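Observations on chain architecture
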Amino acid sequence: MTPAEHGRSDRFPRQTLDAELAQRLAVRVERCQARAGELAATLEAEARQLIDRDLNGFDELLRRKGAQVEALEEAEQQLRRVLTEAGYPPGTAGVRAVLRTAPESLRSAWGELEQLLRTIQARNEANGRLIHRNLDHTRRLLDLATGAHERADELTYGTHGRYTASDRSRRITRA
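Overview of the structure.

Within the protein chain, the secondary structure is distributed over six helices and two strands. Going residue by residue from the N terminus, the α and β elements of the protein chain occur as α-α-α-α-α-α-β-β. For the protein chain, the residues scored as buried account for 29% of the 175 residues in total. When the accessible surface of the protein chain is summed, it comes to about 12100 Å², and 52% of that surface belongs to carbon and sulfur atoms.

Okay, here's the thing in structure tokens:
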């Protein structure tokens with residue numbers, strides 16, 4: 001055992017986690033799961049609206065999403081506060097130390113929470129890509145409507161080596 005490992009084992013012995021602390025943590029993890037589940041459902045609704053390009057009620061959906069993110073962050077802070085008050089280090093180190101001696105039900109609930117958070121992150125990133133795609137599509141439509149595509153997007157070298165807008169109606173024999 002390395003000195004670092006020995007120091008850790010002295011501070012956090014490998015005995016079963018105190019039942020009261022385990023229960024407090026389980027309640028906090030369940031609260032985080034509930035908040036994360038609500039956010040996941042909202043992100044799915046957001047994805048459907050983005051795919052359908054349906055903006056009806058989208059501003060309300062974004063407000064709800066913002067409130068749910070705040071609620072999830074608050075629940076996570078409360079969970080971390082319980083760990084800190086119990087004497088565990090902040091962050092991942094404290095969580096790992098607790099989970100080493102936690103009952104299986106708490107370890108399982110924590111794993112489910114982590115998976116749900118990864119799912120939320122992936123859905124949020126996918127929604128961001130949908131937004132980017134929709135914005136790009138809208139920009140292209142506006143360029144077509146205003147003729148900007150002829151001025152900027154399709155500049156090529158002409159027959160005399162000058163940089164000019166391409167002529168879409170040019171016959172292939174004149175190319």
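Further notes follow.
The final tally for this structure, using the stated rule, is ten salt bridges. A salt bridge links R63 to D59, with the nearest nitrogen and oxygen atoms 3.8 Å apart. Placement of the pair is R63 and D59 together in helix α3 (residues 58–85), with a separation of four residues, close to one helical turn. A salt bridge links R63 to E60, with the shortest nitrogen-to-oxygen separation between them at 3.4 Å. Note that R63 and E60 are positioned in helix α3 at a spacing of three residues, about one turn of the helix. In this structure E60 comes out as partly exposed when scored by relative accessible area, which is 41%. One continuous salt-bridge network, built from bridges that share partners, spans D136, R139, R140 and D143.

Reading the values: the criteria
Residues numbered from 1 in each chain as written. Predicted model: local features only at pLDDT ≥ 70, side-chain atom pairs only at ≥ 80, totals over all residues. Heavy atoms only, no water. Helix = DSSP H or I, 4+ residues; strand = E, 2+ residues; numbered from the N terminus. Buried < 20%, exposed > 50% of the residue type's maximum accessible area, 1.4 Å probe, protein only. Areas by Shrake-Rupley, 256 points an atom, 1.4 Å probe, with all protein chains shown as cover. Salt bridge = Lys/Arg side-chain N within 4 Å of Asp/Glu carboxyl O.

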